[in-house]
Amino acid sequence: MGDLPGRFAKHLAGLNLEPGPVVVAVSGGPDSLALLHLMREVASSFELIVAHVDHGIHPESAKVAAEVGRAAAHLNLSFEMVSLALGPDASETRAREARYRWLRDLARKRKAWLFTAHHRDDQVETVLMRVLKGSGPAGLAGIATVSGRLVRPLLPFGRDEIRAWLSSLGVSGWDDPANQDPKHLRSWLRNQLIPAAREHVAALDQRLLGLAGQAATDRLAWDAVVELLGIEVEREGEGFRFDARSLRGKPDALISTVFQAVARRHGLVFGARSAGRVTRMIELHHSGRSVDLTDGWEARFDFGRVSVRMAPFTEPAEPSALTIRGESGADEWDGWQVTWSPGVPAERQERVTSVAWLEPSTYTIRAWRPGDRIRPLGGVGSRLVVRCMQDVRLARAERSGWPVVERDRELIWVPQVCRSTEAIPRGSGLRLVFEKRHS
């Protein structure tokens, strides 16, 4: 084992992390338990918080969560846990995104580093997996040791050494059966493809790690391009904000790669799909537009600048309903300016609009809810509002707080999305206007 704690302590000190709270992600497996015990042994300058995510996928997940809680108590460490109840059919991707969203949210609330137990073997698997998926240089560079507040301090060490050291302590971890299931790509790589490839390719691990090093060098070159273009970037919390006006009209490949480079400077890695969404958003140049990225991140475009931020882990509470009574008035509703006044309706009603004419009556403004249906103006029958939102390309991150107007529980209008066939005025009418306030 060659004094694993001593070499780990030296590597950790070389990362030059500011002392403070550390959320240690502990799945209950041997790797994360080894990380926890190593940190407990050598990292006295850090306040450790044990964090466990019960995905609710495996029948024994609650039992594993209890074991992790007992391990934290045995080491006299604080313990945080969440039960996600994803169900047995949840995919690896869904589980990973939900897990990291909660862990990042917890670390942000505790103003802490987030440590995970990825090691050298995980790096080899990751690089090969990304080769098979056709990743570009950003993906082929593999897992970074430090990405913003996310740290993987075990990357220089191999799986066998880590587990042998843990066994020497008399500690064992839970072996998730999913790690042996070949239906999962990483499990198939780990248990079948990589062992077979090692028999035919000399020094397979070193070659893949070398490829990651070359890709990392390429990423450094793109970091230099960001400097040469003079793009103004500033940190906003755990995310960042940059001026994208100079990128408009440039080739999509340049915009996409520059965005990825800017993100990496702030410890975030986004793939081609997320970068493509941001590229399209910059080209459309519509203030207030936002797009979903990965692992709970979102990007928003406002007046030529792109902000990348972590979306809340939990859905925000639904704002209180606003009731419109009387002939005229004005009010605010969850970031919207709402005004209404009497008048003579326009001859032609628009389906997608920020201004609608309604019959004089009492109306309620509330937030959209999944399952809401509307009878679109000029259409036949009713339709899910979410489909209408997709038609106008309303970002998923914005839908939960989007206003709808109803009367007697009948949807009348979804501003900027869809007008219904109901409450069309005959004669005098009520002019209702929605304006989104930008923060």
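Residues numbered from 1 in each chain as written. Predicted model: local features only at pLDDT ≥ 70, side-chain atom pairs only at ≥ 80, totals over all residues. Heavy atoms only, no water.

The helix and strand inventory of the protein chain stands at 13 helices and 22 strands. On the principal axes, the C-alpha backbone points of the protein chain span a range of 90 × 50 × 40 Å. By residue count, 47% of the 439 residues in the protein chain fall in the buried class. The averaged location of the 54 negative side-chain charges in the protein chain is 2 Å from the averaged location of its 60 positive side-chain charges. (Helix = DSSP H or I, 4+ residues; strand = E, 2+ residues; numbered from the N terminus. Buried < 20%, exposed > 50% of the residue type's maximum accessible area, 1.4 Å probe, protein only. Lys, Arg positive; Asp, Glu negative; His and termini not counted. Charge placed at Lys NZ, Arg CZ, Asp CG, Glu CD.)

This brings us to helix α5 (residues 120-132). For α5, with 13 residues, the first-to-last C-alpha span of 19 Å sits near the 18 Å given by 1.5 Å per residue. Buried within α5 we find D121, D122, Q123, V124, E125, T126, V127, L128 and M129. Looking at the packing, one finds that the buried side of α5 touches α6 (137-140), α7 (159-168), α8 (185-200) and α9 (204-229). The first or second residue beyond α5 is G134, which carries a positive phi of 75°. (Expected span 1.5 Å × (residues − 1). Contact = heavy atoms within 4.5 Å.)

If you trace the six strands from one edge of the open sheet to the other, you get β3-β2-β1-β4-β6-β5, paired in mixed fashion. Two strands lie at the open edges of the sheet, namely β3 (78-83) and β5 (146-147), each paired on one side alone. The sheet contact formed by β5 and strand β6 (residues 150-151) spans two bridges and is antiparallel. From the neighbouring strand, S147 faces β6, where its bridge partner is L150. Where helix α3 (residues 61-74) meets the sheet, its contacts fall on β2 (47-54) and β3, and the angle it forms with β2 comes to roughly 170°. (Pairing = 2+ DSSP bridges. Axes fitted to C-alpha atoms, helices over the stretch in contact; angles between N-to-C directions.)

Take the packing of α5 against α8 next. In the contact formed by α5 and α8, the axes pass within 10 Å of each other and the chain directions differ by 95°. It follows from the interaxial angle that α5 and α8 lie roughly perpendicular. Of the residues in α8, those in contact with D121, D122, V124, E125, T126, L128, M129 and L132 of α5 are L185, R186, W188, L189, R190, L193, I194 and R198. Per-class residue counts for the contact of α5 with α8 are nine nonpolar, one polar and six charged. (Parallel < 35°, antiparallel > 145°, perpendicular 65-115°, else oblique. Nonpolar A, V, L, I, M, F, W, Y, C, P; charged D, E, K, R; others polar.)

With that out of the way, let us pick up α8. Residue pairs spaced three or four apart in an α-helix point in one direction, given the helix's 3.6 residues per turn. With 16 residues, α8 ought to run about 22 Å at 1.5 Å a step, and its terminal C-alpha atoms sit 21 Å apart, in line with that. Along α8, the sharpest kink reaches roughly 40°, centred on L193 and followed within four residues by the proline P195. Listed as buried for α8 are S187, L189, I194 and A197. Those residues of α8 that are buried are in contact with α5 and α9. (Bend = angle between axes of the 7 residues up to and from the residue.)

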